[in-house]
Amino acid sequence: MRQRRPGLMAMSRSVAPAVFPPDLLTRLADALELLAPEATEDFDDPALRERLASVEVLVTGWSCPRLTAPVLDAAPRLRAVIHAAGSVKAHVGAEVFARGVAVSSAADANAGPVVDYTLAVITLAGKRAFGLANAYAAGRFPRFAQRHGNDGRTVGVLGASRIGRRVIARLVAGGYRVLVSDPYLESAHAAELGAEQVDVDELCRRCDVLTLHAPQLPETHHLIDERRLALLPDGAVVVNTARGSLVDSDALARACATGRIDACLDVTDPEPLPVGHPLRALPNVWITPHVAGAQGSEVRRLGEFAVAEVERFVAGQRLLGAVHIDQLQLLA
Ligand SMILES: NC(=O)c1ccc[n+]([C@@H]2O[C@H](COP(=O)([O-])OP(=O)(O)OC[C@H]3O[C@@H](n4cnc5c(N)ncnc54)[C@H](O)[C@@H]3O)[C@@H](O)[C@H]2O)c1
C-alpha cells in the first residue's frame, strides 16, 4: 500500500468543516495520513508536539497561527504548506521559505467571487441603482432623465493583480473602455489585456468608475487620498473590494458628503467602521461587510483547490498556487 505523508490541518475549527466537507476530507485523508481528526488553532498546544515532529504537509486556512521559528523548529520534516484561503502573509514569512518548504495559496479560487461581486457592483453603480433603490423605498419613481446606463463608460482599474486582471478581462468583454494603473504591469501585457495603461492621476481624472484591486502594502496606503479624489469627474463612483487602507476614509467621507462622487465599499479602514462613522450614514455610500471573497457555499472552492494541490504535491507535480519568496512582498 502507498505510504501517505503525515499531514495536519491548521485553521479555525468553526470554518474547517465548510472548507472541507466530508467528500473533500475523505480525499484529503486519502492523500495524507491525517495526524489529527480536527484542525488545530494553536501550535503551542503540548498535545501537538509529537505530531509536529512528524508532520510533512500542513493544510492551513483562515486563523492559522503564525509559523514562527520555534514552530518550524518543532516541525523539522515539514515540506509543504498548502493554504486553503487567499493571502499566506499572516502565517507564512521568510523563515518558512528559508527551510525549503513549498508554499501554495488558494488565492486563485478566492478570486472568482470577488471578480463576480465587483462586476455586479460596477453594473449596478453605473445605473445609480443603489441611490434609486433608496429613493424608491422613500416612495419616488425616477423620470427618464434620472435614469443612467453603462454604455460608453470608462472604468479605471487600480492594480493588475490576479483579481484586477480578471476584472479587466470581463469589463473589456462587456464593452467598457478600461484604463489600468499598476507600476508592475508591462505595457505589452496591458495591451494584451485590452486596457490602456496610465498613471494613477490620469486614471482618476478619466474614469467614471474607479475600482481598486491593489494589495495592502506600505506604498498603497492612502493611494487614493483627498487630492486624487478631487481629480475624479463629477458623478464618478469609487468601488473598493481590495483593502480599506488604499483609500483615505475621512477624505472619502468628505468627498461623498458633497454628493459629487459615490462609493461602493466592501472593505473599509478601520474595519468594521465604528457606528456613527460618517461613511455609514451617507445615502450615496453603499457598504458591505467584507463579503466579496468566498463566503458560505463558496468556501468549498478553497477546499477543492487545496485538496487538488495536496494531491499534486504528493504526486510530485507542479503546484498551481505556488507562492515564491520573491513575490511575497508584492502579493496581497
Ligand atoms: N473583499 C474581499 O473579500 C477580498 C478577497 C480577496 C482579495 N481581496 C483583495 O483584493 C486585492 C487583490 O487581490 P489579489 O489576490 O488579486 O492580489 P495579488 O496578490 O495578485 O496582488 C499583487 C499584484 O498587485 C499589483 N500591485 C502591487 N503593487 C501595486 C501598486 N502600488 N499599485 C498598483 N498595483 C500594484 C501587482 O500587479 C502585483 O503583482 C487585494 O487587496 C486583496 O487583499 C479582497
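Residues numbered from 1 in each chain as written. Predicted model: local features only at pLDDT ≥ 70, side-chain atom pairs only at ≥ 80, totals over all residues. Heavy atoms only, no water.

Asks: Sorry if this is basic, but what is going on with the domain arrangement of the protein here?
Replies: By convention, interface size is frequently given as the accessible area that disappears when the constituent parts associate. Considered domain by domain, the protein is made up of domain 1 (5-109 + 296-328) and domain 2 (110-287). The gap between the C-alpha centroids of domain 1 and domain 2 is 34 Å. If you look at the interface, domain 1 gives 9 residues, while domain 2 gives 7 residues. Regarding the contact of domain 1 and domain 2, the summed buried area is about 620 Å², with carbon and sulfur atoms giving 40% of it. It is Ala107, Asp108 and Arg301 that lose the most area in domain 1 upon contact with domain 2, and together they represent 56% of the buried surface on that side. At the junction of domain 1 and domain 2, the tally comes to 2 salt bridges. The salt bridge involving Asp108 is made with Arg166; its shortest N-O contact spans 3.5 Å. Elements represented by at least two residues in the side of domain 1 that touches domain 2 include exactly helix H6 (107-126) and helix H14 (300-314). Sorting elements by how many residues they give to the side of domain 1 that touches domain 2 places H6 first, with 3 residues. Of the residues contributing to the side of domain 1 that touches domain 2, the split by class is 4 nonpolar, 1 polar and 4 charged. (Domains from an automatic or database assignment. Contact = heavy atoms within 4.5 Å. Buried area = accessible area lost by both parts, 1.4 Å probe. Salt bridge = Lys/Arg side-chain N within 4 Å of Asp/Glu carboxyl O. Helix = DSSP H or I, 4+ residues; strand = E, 2+ residues; numbered from the N terminus. Nonpolar A, V, L, I, M, F, W, Y, C, P; charged D, E, K, R; others polar.)

Asks: Whenever I open this one, the sheet that holds strand S7 (residues 177-181) confuses me. Can you help?
Replies: Hydrogen bonds between backbone groups are what pair the strands of a sheet, and the pairing can be parallel or antiparallel. Read from one edge to the other, the open sheet built from 7 strands follows the order S8-S7-S6-S9-S10-S11-S12, with strand pairing classed as parallel. Looking at the sheet topology across the chains shown, the edges are occupied by strand S8 (196-197) and strand S12 (285-287). Pairing of S7 with S8 involves 2 bridges; the strand directions are parallel. The residue of S8 that forms the bridge with Val180 is Gln197. (Pairing = 2+ DSSP bridges.)

Asks: So what exactly am I meant to see when it comes to the site of the ligand here?
Replies: Contacts to the ligand come from 27 residues, most closely from Ile163, Asp182, Ala214, Gly293 and Ala332. Ser161 places a polar side-chain atom, nitrogen or oxygen, 3.1 Å from an oxygen atom of the ligand. The contact in question runs from an oxygen atom of the ligand to an N or O atom on the side chain of Asp182, over 2.6 Å. Here the ligand loses 90% of its free accessible area of 880 Å² to cover by the protein chains. Contributions of two or more residues to the shell around the ligand are made by H6 and helix H8 (162-173). Partitioning the shell around the ligand into residue classes produces 14 nonpolar, 9 polar and 4 charged. (Near = heavy atom within 4 Å. Polar contact = N/O pair within 3.5 Å; in protein donor to acceptor, adjacent residues only side chain to side chain. Areas by Shrake-Rupley, 256 points an atom, 1.4 Å probe, with all protein chains shown as cover.)

Asks: Would you explain unusual backbone geometry in this entry?
Replies: Residues apart from glycine generally show negative phi values, whereas peptide bonds are mostly found in trans. Between Asp269 and Pro270 the backbone carries a cis peptide bond, its omega angle lying at 0°. Position of Pro270 relative to the elements: it lies in the loop between strand S11 (262-265) and helix H13 (278-281). The peptide bond linking Glu271 to Pro272 adopts the cis configuration, its omega dihedral lying at -5°. The phi dihedral of Arg128 falls on the positive side, at around 55°, and the residue is not glycine. Topologically, Arg128 is positioned in the loop between H6 and helix H7 (129-137). The class for Arg128 is partly exposed, based on a relative accessible area of 26%. With phi around 55°, His222 is a residue other than glycine that occupies positive phi space. Along the chain, the position of His222 falls in the loop between strand S9 (209-212) and helix H11 (226-231). (Buried < 20%, exposed > 50% of the residue type's maximum accessible area, 1.4 Å probe, protein only.)

Asks: Would you explain H6 in this entry?
Replies: Side chains that are three or four residues apart share a direction in an α-helix, a result of its 3.6 residues per turn. With 20 residues, H6 should reach 28 Å at 1.5 Å per residue; the first-to-last C-alpha distance of 28 Å fits that figure. Across the 20 residues that make up H6, a large majority, 15, are buried. Of the residues flanking the end of H6, it is Arg128, one or two places downstream, whose phi is positive at about 55°. (Expected span 1.5 Å × (residues − 1).)

Asks: Even after reading the chapter, I still don't get the UniProt feature "domain: D-isomer specific 2-hydroxyacid dehydrogenase NAD-binding" (unreviewed entry) in the protein, so can you show me in this structure?
Replies: Per the UniProt annotation, the sites labelled "domain: D-isomer specific 2-hydroxyacid dehydrogenase NAD-binding" (unreviewed entry) are residues 127-292. Taken end to end, residues 127-292 is 33% helix and 16% strand, and its two terminal C-alpha atoms sit 20 Å from one another. (UniProt positions renumbered as here; feature names shortened; annotations may be inferred.)

Asks: Explain the environment of Arg312 to me, please; I cannot follow it from the model alone.
Replies: Here Arg312 is to be found in helix H14. Overall, the relative accessible area of 16% leaves Arg312 in the buried class. Residues Arg312 and Ala31, spaced 281 residues apart in sequence, show a C-alpha to C-alpha distance of 9.5 Å. For Arg312, the residues in contact, after removing those within four places along its chain, are Phe305, Gln317, Arg318, Leu319 and Leu320.

Asks: Help me out: how do you make sense of the environment of Leu58 in this one?
Replies: By the secondary structure assignment, Leu58 is in strand S3 (residues 57-60). Classification of Leu58 by relative accessible area gives buried; the value is 1%. For the pair Leu58 and Leu210, spaced 152 residues apart in sequence, the C-alpha separation works out to 39 Å. Every residue in contact with Leu58, bar those within four places of it in the chain, is listed here: Leu8, Ala10, Phe43, Leu67, Leu78, Ala80, Val81 and Ile82.

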